[in-house]
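Fold and contact review
Here is what each chain is made of, one letter per residue.
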Amino acid sequence: QVQLVESGGGSVQAGGSLRLSCAASEYTSSRNCMGWFRQAPGKEREGVASIYTGSGSTYYADSVKGRFTISRDNAKNTVYLQMNSLKPEDTAMYYCAAALFSICGGSWYREPKYNYWGQGTQVTVSS
């Protein structure tokens, strides 16, 4: 019954910024691992970043470190992905995922860890 609703995708020029939001409905928890994944055409889906909503510990793919920031607002059951200095290679469908009552830890990037997935929001970066 848990639903994840994503918003904030769109088209921007290289060097621009976007802020993605993922709101969880029908359920709330302050001890979840929340992740962002992305999939570009012809490529496998990959983990971008995750956050443990209990402690706030964060994890990032090397390709986005220093440019993307994941954060959460537990009171709103919402996770954000602030994306700065966007590059054309960031173009992909971005998905929000939740692993309820789970830490992120070393397995933060593994898809089977996550119980629920959003429908995705498209991010397009032009040069």
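Worth saying up front: this structure is predicted, and the values here are computed from it rather than measured. (Residues numbered from 1 in each chain as written. Predicted model: local features only at pLDDT ≥ 70, side-chain atom pairs only at ≥ 80, totals over all residues. Heavy atoms only, no water.)

Each helix and strand in the chain was counted, giving 0 helices and 11 strands. In terms of overall dimensions, the chain is globule-like: its C-alpha atoms have a radius of gyration of 13 Å, near the 14 Å expected for 127 residues. Taking the principal axes of the C-alpha coordinates as reference, the chain spans close to 40 × 25 × 25 Å. Sorting the 127 residues of the chain into buried and exposed places 43% on the buried side. Surface accessibility of the chain: about 6,500 Å² in total, with carbon and sulfur atoms responsible for 46%. Across the chain, the 12 positively charged side chains and the 9 negatively charged ones have centroids separated by 6 Å. (Helix = DSSP H or I, 4+ residues; strand = E, 2+ residues; numbered from the N terminus. Rg over C-alpha atoms; globule rule 2.2 N^0.38 Å. Buried < 20%, exposed > 50% of the residue type's maximum accessible area, 1.4 Å probe, protein only. Areas by Shrake-Rupley, 256 points an atom, 1.4 Å probe, with all protein chains shown as cover. Lys, Arg positive; Asp, Glu negative; His and termini not counted. Charge placed at Lys NZ, Arg CZ, Asp CG, Glu CD.)

One finds M34, W36, V48, F68, L81, M83 and Y94 to be the most contacted residues of the largest nonpolar core, which totals 35 residues. Looking at this core, the elements with two or more residues in it are β3 (18-25), β4 (33-39), β5 (46-52), β7 (68-73), β8 (78-83), β9 (92-99) and β11 (121-126). With 6 residues, β9 is the largest single contributor of residues to this core. (Core = buried A, V, L, I, M, F, W, Y, C linked by side-chain atoms within 4.5 Å.)

By the element assignment, G16 lies in the loop between β2 (10-13) and β3. Of the residues examined, G16 reaches a relative accessible area of 21% and is grouped as partly exposed. Along the chain, G16 and N84 lie 68 residues apart, while their C-alpha atoms are 6.2 Å from each other. In contact with G16, not counting residues within four places along its chain, are M83, N84, S85 and L86. (Contact = heavy atoms within 4.5 Å.)

What the 4 strands build is an open sheet, ordered β1-β3-β8-β7; its pairing is antiparallel. Strands with a single pairing partner mark the edges of an open sheet, and in this sheet they are β1 (3-7) and β7. Put simply, the sheet's adjacent strands are angled 15° from each other on average, direction ignored. The pairing of β3 with β8 spans 6 bridges and is classified as antiparallel. What sits directly across from S21, in β8, is Y80. (Pairing = 2+ DSSP bridges. Axes fitted to C-alpha atoms, helices over the stretch in contact; angles between N-to-C directions.)

Bringing the pattern of salt bridges into the picture now. A full pass over the atoms with the stated rule returns 5 salt bridges. E111 is the partner of R45 in a salt bridge, and the nearest nitrogen-oxygen pair spans 3.0 Å. Linking R45 in the loop between β4 and β5 with E111 in the loop between β9 and β10 (116-117), this pair joins segments that are 66 residues apart in sequence. The class for R45 is partly exposed, based on a relative accessible area of 27%. (Salt bridge = Lys/Arg side-chain N within 4 Å of Asp/Glu carboxyl O.)

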